[in-house]
Amino acid sequence: MTYSGAVKVGGPADVHELTDLMISKVAVGAMDNNAYLLRCRATGEQLLIDAAAEPQTLLRLIGRDSVASVVTTHRHGDHWQALAEVVAATGARTQAGRYDAEGIPVPTDVLLDDGDTVRVGRVELTVRHLVGHTPGSVALVYDDPHGHPHLFTGDCLFPGGVGNTHQDPEAFARLLADVETKLFAPLPDETWVYPGHGGDTTLGAERPQLPLWRERGW
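The structure reproduced in this document is the subject of the present report. (Residues numbered from 1 in each chain as written. Predicted model: local features only at pLDDT ≥ 70, side-chain atom pairs only at ≥ 80, totals over all residues. Heavy atoms only, no water.)

**What about the packing of aromatic side chains?**
Our working rule: Centres within 6.5 Å are what make two rings of Phe, Tyr or Trp a pair, Trp counting through its six-membered ring; a difference in plane orientation under 30 degrees is then read as stacked, over 60 as edge-to-face, and the rest as tilted. Helix and strand assignments follow DSSP, with helices taken as H or I runs no shorter than four residues and strands as E runs no shorter than two, numbered in order from the N terminus. Only protein chains enter the accessibility calculation, which uses a 1.4 Å probe; a residue is then buried when its area is under 20% of its type maximum, exposed when over 50%, and partly exposed in between. Lysine NZ or arginine CZ positioned within 6 Å of the ring centre and within 35 degrees of the ring normal marks a charge as sitting over the ring.
In this structure the tally under the stated criterion is 7 aromatic pairs. Aromatic pair Phe 152 and Tyr 194: ring centres 4.6 Å apart, planes at 15°, arrangement stacked. Taken together, the residues span a long stretch of sequence, with Phe 152 in strand β11 (residues 150–154) and Tyr 194 in strand β14 (residues 192–195) at a distance of 42 residues. According to the relative accessible area criterion, Phe 152 is buried, its value standing at 1%. Pairing Phe 184 with Trp 213 gives two aromatic rings, centres 6.4 Å apart and planes at 70°, and the pair type is edge-to-face. Of this pair, Phe 184 sits in helix α3 (residues 169–184) while Trp 213 sits in helix α5 (residues 210–216); the two residues are 29 residues apart in sequence, bridging distant segments of the chain. The same class applies to Phe 184 as to Trp 213, namely buried. Put simply, the rings of Tyr 3, Tyr 36, Phe 152, Trp 192 and Tyr 194 pair up and form one aromatic cluster. Directly above the ring of Trp 218 sits Arg 216, whose terminal nitrogen or CZ lies 3.7 Å from the centroid.

Laid out in structure tokens, this is it:
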């Protein structure tokens, strides 16, 4: 079946099958958070992005093959409610942005900086540090050698705008600048965007709106 990225809490995962990577998206919790399970097709190794809520839902998604690591995109509590339970059940390594790790109650094994590489089996993803929604938010870029890039943005980029900066003009300016220079500038329009809540989008769909976002200030 064709992947759409449309999921709902209590419903099934939607699976995006790439040549080297399988991406399973599921919605969990009271705030409709997205969690993403990445599976290297060559090795079977798995990585979870945001153990947001509903640990049993996430553990069922992970299955018998377990998960090698969990990346938390940022420190906000709705993105790590199930982290302790998932780590206890799987022994997964925890990874998070260096400047958000102190706000995550589960100890972080690997501190991530801009440009770092996160691996799942033979697949590599590049870390992009984005400031504004939180001090240490990270996005992950998978530059698929067989197609277009895939971008996991946490709460820094959504269809229709950047993440919430709580009406702080300085934080908004920084987040928009980081999103423009680190995501929109180097990546093509075909880049598929997987946000922390709601439906997916592409950079091409959002790029024409950048002047509007700057003008409105959110």
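**A few points about the sheet that holds strand β3 (residues 33–40)**
As a reminder, the rule being used: In this analysis, strands are considered paired if DSSP registers two or more bridges between them. Fitting a line to C-alpha atoms yields each axis, with helices limited to the stretch in contact; the angle taken between N-to-C directions then spans 0 to 180 degrees. We call two residues in contact when some of their heavy atoms are within 4.5 Å.
Taking strand neighbours across the sheet as the criterion, the 7 strands line up as β1-β2-β3-β4-β5-β6-β7 in an open arrangement whose pairing is mixed. Two strands bound the open sheet, and with one partner strand each, they are β1 (14–17) and β7 (110–112). For this sheet, the mean inter-axis angle between neighbouring strands, taken without regard to orientation, is 20°. Sheet strands in contact with helix α1 (residues 55–62) are β2 (21–28), β3 and β4 (46–49), and its direction is about 160° off that of β2. Lying over the sheet, helix α2 (residues 83–90) contacts β4, β5 (69–72) and β6 (93–97), oriented at roughly 165° with respect to β5.

**Some thoughts on the nonpolar core**
Within soluble globular proteins, side chains that are nonpolar tend to cluster in buried spots. To keep things clear, this is the line we draw: We define a nonpolar core as any set of buried Ala, Val, Leu, Ile, Met, Phe, Trp, Tyr and Cys residues linked to one another through side-chain atoms lying within 4.5 Å.
The biggest cluster of nonpolar side chains holds 22 residues, and the ones touching the most others in it are Leu 48, Ala 51, Leu 58, Leu 83 and Val 86. Secondary structure elements with two or more residues in this core: β2, β3, α1 and α2. In contact with Ala 51, other than residues within four places in its own chain, are Leu 58, Val 70, His 79, Trp 80, Gln 81, Ala 82, Leu 83 and Val 86. Tyr 3, Tyr 36, Leu 47 and Phe 152 belong to the second largest nonpolar core, which has 21 residues in total.

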